[in-house]
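Here is what each chain is made of, one letter per residue.
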Amino acid sequence: MKLKIHPHDSMTPLERGKTIASGKDYDRLIMDPFLGEIKARIINKNTRQYWMNEDNLVMGDILSCNRYGLDGMGVGPNAYGIAEAMGVVPHYPEKGLIYVETHPISSIDEIYKLKDISLDDGRLRMYYNATARLREVAEGFCGVGASVSGPITLAGFVLGTDKLLRAMIKSPDKVHEFLRYITRNVKYVIDEFAKLDVGFSMADPIASTTMLSPRMYREFAFPYTLEISSYINKKSGKMPSYHVCGNTKKIWEDIAKLDIGLFSVDNEMDIEETCEFFSESKAVAGNVNPVHTICNGSLDMIEDEVKRCILAGKNCRKGFVLTPGCNLPLATAEDKIDAFLDAGRKYSRLLK
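The text that follows walks through the structure, step by step, so that each part is easy to find. (Residues numbered from 1 in each chain as written. Predicted model: local features only at pLDDT ≥ 70, side-chain atom pairs only at ≥ 80, totals over all residues. Heavy atoms only, no water.)

Right, let's talk about the sheet that holds strand S6 (residues 241–244) for a bit. The 7 strands lie next to each other as S1-S4-S5-S6-S7-S8-S9, forming an open sheet whose pairing is parallel. Here the strands that pair on one side only, and so sit at the sheet edges, are strand S1 (72–73) and strand S9 (320–324). Taken together, the 3 bridges between strand S7 (residues 262–265) and strand S8 (residues 283–288) define a ladder with parallel strand orientation. Pairing of Ser264 across the sheet is with Ala285, part of S8. Contacts between helix H10 (residues 214–236) and the sheet are confined to strand S4 (143–149), strand S5 (199–203) and S6, with S5 contributing the most and set at about 170° to the helix. (Pairing = 2+ DSSP bridges. Helix = DSSP H or I, 4+ residues; strand = E, 2+ residues; numbered from the N terminus. Contact = heavy atoms within 4.5 Å. Axes fitted to C-alpha atoms, helices over the stretch in contact; angles between N-to-C directions.)

This is the structure in structure tokens:
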């Protein structure tokens, strides 16, 4: 199946990106609706069928790209894909989000049991093969990305978040040893997927000050996140995007020092304030509320919030990408997704 330009657009995503970068006139801003498990619905599969089958992953992205006019494609491996390769047993429900069923270790003292991963562990090769297939389909049309986990979220999946947080206080040296293992294996994933000439995104949902104090972020998250982001830039020649859920304001100065090109913010954050702070340092992505506004709100609410975000994005001299604050709920109706994207198209002129 071939990719095609959306009826409401006049450029391919690659043409759009190059035109925006050159400062010339473009058809609309770059957008990502963060569809997540909604891609399963697009191909009439349940979420378990979607996440556990290579063909479904590929078809879900292709059909979603054509249906909504997405600016890029990508299927993982995400935190769960890497965690599963490390020995985590995830549960894939037929309808709903993946969650950890069993951790491979029960305490920070058992990190010696963990082994370095390979593409043949878990479902990593499935994600790799699916990404390679998307890369072929997307040639000359749009970019393809690989998503990796930030160090704190991945460590929480492997050990358990509560145990990880306690160990940061009681056994900080062992946590650093653990995070060195985590970082080494994330870099292995980057090595393999970089061979496909893809871009990278990194998400660390639990690394915000909603979960960690600023001091804990600087000690345990920042150095490894910096190492991973710099490694991505070195291996791929492209700076990754970085998403953190929750409140990040107290660590913005640290995030500004990361080797990232785009900072994606949760809807909890004030988008005007965020864009103003990062106006000279990073592109910003955000941050329409995925539940209250897009899933449960009216079409007028969606349009108003999109317009507000785009107006805030005018302050971002490094660029602005319209997104929700996090993945859309599976129950989000198609007309709501269309409303979000159509409003983005309508108000793109505000950035010019």
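All told, the structure shown has 32 salt bridges when counted by the stated rule. With a shortest N-O distance of 2.8 Å, Arg28 and Asp71 are connected by a salt bridge. Taken together, the positions of Arg28 in the loop between helix H1 (13–22) and helix H2 (38–42) and Asp71 in the loop between helix H4 (54–68) and S1 put the pair 43 residues apart, joining distant regions of the chain. With a relative accessible area of 1%, Arg28 lands in the buried category. When its relative accessible area of 15% is taken as the criterion, Asp71 is described as buried. Lys235 is the salt-bridge partner of Asp191, the closest N and O atoms lying 3.5 Å from each other. Taken together, the residues Asp191 in helix H9 (residues 172–194) and Lys235 in helix H10 connect sequence positions 44 residues apart. What makes Asp191 partly exposed here is its relative accessible area of 23%. Each of Asp9, Arg16, Asp27, Arg28, Asp71, Asp342 and Arg345 takes part in one network of salt bridges that share partners. (Salt bridge = Lys/Arg side-chain N within 4 Å of Asp/Glu carboxyl O. Buried < 20%, exposed > 50% of the residue type's maximum accessible area, 1.4 Å probe, protein only.)

All right, on to the nonpolar core then. In this structure, Ile152, Phe178, Tyr242, Ile255, Phe320 and Leu322 are the most contacted members of the largest nonpolar core, which totals 113 residues. Of the residues forming this core, the biggest block, 10 residues, is contributed by H9. If we ignore the near neighbours within four places in the chain, the residues touching Ile255 are Tyr217, Tyr242, Thr248, Ile260, Phe263, Phe278 and Lys282. (Core = buried A, V, L, I, M, F, W, Y, C linked by side-chain atoms within 4.5 Å.)

In this structure, Pro77 follows Gly76 across a cis peptide bond, with omega equal to 15°. Mapped onto the elements of the fold, Pro77 is located in the loop between S1 and helix H5 (78–85). Here Phe34, not a glycine, exhibits a phi torsion of approximately 50°, which is positive. For Phe34, a relative accessible area of 18% corresponds to the buried category. Positive phi outside glycine occurs at Asp197, with the angle close to 60°. Mapped onto the elements of the fold, Asp197 is located in the loop between H9 and S5.

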